[in-house]
Amino acid sequence: MATADVRGLVVGTATTAAAALGQLVSGLGTAVLAPFVLLWLLAPGGVRVLHALAGMERVRLARWGPEVIAPAPPPTRLRNALGDPVTRRELLWLVRHLAVGLPLGLLGFVLPVLALRDTLFPLYWRLAPKDATATSIGIGVAHSWPDALAVCLLGVGWIAIILGLTPGMAKLQANPGRRLLSAGPDADLSLRVAELTATRAAALDAHATELRRIERSLHDGTQNRIVTVTVLLGAARRMVARDPAGADELLERAQSAAEQALAELRTVSRSILPPVLADRGLAGALTGLAAESAVPCAVDVEVERRCAASVEATAYFVVAEALTNIAKHSGASRAAVTVRAPGPTLLLRVTDDGRGGADEHTGSGLSGIRRRVAAHDGTLRLTSPPGGPTTLEVDLPCGS
């Protein structure tokens, strides 16, 4: 295995473990507060605290994985809440989180401490008392370099255990929340219907906008060129008898106008569905976009399978519009495009080191990108603080 592959595997594993460990540690606070919340439920306002705590858990779970769809706002009066299924499920989640989340959170906190203690032992073993236990599992060792290195190897073993167990522990800790805090089947169906209605409207709007763009391109460009060709050909036909040289010049101008009209027609047809997607795939198409970008752009695409043509076209246009915005508005010196497809979703990220402050309500084309993404039931996230950097993230469902 190449060094770069090993480095990538180690970095990816460490990133996954760090994310899972962060999830465990963040859940630890919720688990510790659970008994107090259970007692607080007996006081006025306790139901609101339960709902707020469940809402925080939904946000946390969405940060580390798929979004947890929240149900309709449950009642906050204690008498009504006792008969509300959402409140009962939130209360059941709190009890299970106390029983499972607290031990897992404590374990997720203790394991790194043990790993740090043993791994760094060669740095401080000379300062430890002679009769002190050296290892974290209660095994005494002699104060010598061989034993210090043995303890360090034990710390490396703890790190391996953390990397191996932490993702599973995080999943076990998150399962009750994902199962109990999401909307029920009926509520989920109604929310899904409302969401599909909104995305259908966005799809129709995006389709109408695209038709207007194509019509405007044909009317303002190609049609005018063809009209020019017709006028020049008519004038040349009338002049051919009395002024052959002038007629020949008009024919040359007509030929030039016809070639320009053909070029503009090809540009419009490519904008409907770029043929480069079918010829070279998404990676090749995005590489071509980056090569033509006014701002130096690095492209990193790892997609093992082909997505639907409409999904690839949407990803292509998102990157094209984003790079255009970067060149026009950001003042960036470089940009980067990253595409991944780890599951049934195509993950697209465009970043730049520009001045930031991007806003989709200022006519920069971001609203059009959002409509295109919504038409595929995808999501768009924009992070652009003043001073930069700007990050545009798009998730497009592409099937399993």
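Just above, that's the structure.
These numbers were taken from a predicted model, which means no experiment stands behind them. (Residues numbered from 1 in each chain as written. Predicted model: local features only at pLDDT ≥ 70, side-chain atom pairs only at ≥ 80, totals over all residues. Heavy atoms only, no water.)

So, about the overall build of the chain. Secondary structure assignment for the chain yields eleven helices and five strands. By sequence separation, contacts in the chain at least 24 residues apart represent 69% of the contacts at least 6 residues apart. (Helix = DSSP H or I, 4+ residues; strand = E, 2+ residues; numbered from the N terminus. Contact = heavy atoms within 4.5 Å.)

On to the packing of helix α10 (residues 309-330) against helix α11 (residues 366-375), then. Here α10 crosses α11 at 170°, and the two axes come no closer than 10 Å. One finds that α10 runs roughly antiparallel with respect to α11. Contacts between α10 and α11 involve Thr314, Phe317, Val318, Glu321, Ala322 and Asn325 from the former and Leu366, Ile369, Arg372 and Val373 from the latter. Its residues assigned to classes, the contact of α10 with α11 shows six nonpolar, two polar and two charged. (Axes fitted to C-alpha atoms, helices over the stretch in contact; angles between N-to-C directions. Parallel < 35°, antiparallel > 145°, perpendicular 65-115°, else oblique. Nonpolar A, V, L, I, M, F, W, Y, C, P; charged D, E, K, R; others polar.)

Time to look at the environment of Gly281. With respect to the element layout, Gly281 can be found in helix α9 (residues 275-292). Between the C-alpha atoms of Gly281 and Ala309, which are 28 residues apart in sequence, the distance is 9.7 Å.

Next up on the list: the pattern of salt bridges. Here the structure, examined in full by the defined rule, presents ten salt bridges. A single salt-bridge network, built from bridges that share partners, covers Arg349, Arg381, Glu393 and Asp395. (Salt bridge = Lys/Arg side-chain N within 4 Å of Asp/Glu carboxyl O.)

Turning to a nonpolar patch on the surface, a few remarks are in order. Taken together, the side chains of Phe109, Val110 and Val113 present a nonpolar region at the surface, about 250 Å² in accessible area. By the secondary structure assignment, Phe109 is in helix α4 (residues 85-119). With a relative accessible area of 48%, Phe109 lands in the partly exposed category. (Patch = residues over 30% accessible without salt bridge, like charges linked within 9 Å, V, L, I, M, F, W, Y side chains within 5 Å. Areas by Shrake-Rupley, 256 points an atom, 1.4 Å probe, with all protein chains shown as cover. Buried < 20%, exposed > 50% of the residue type's maximum accessible area, 1.4 Å probe, protein only.)

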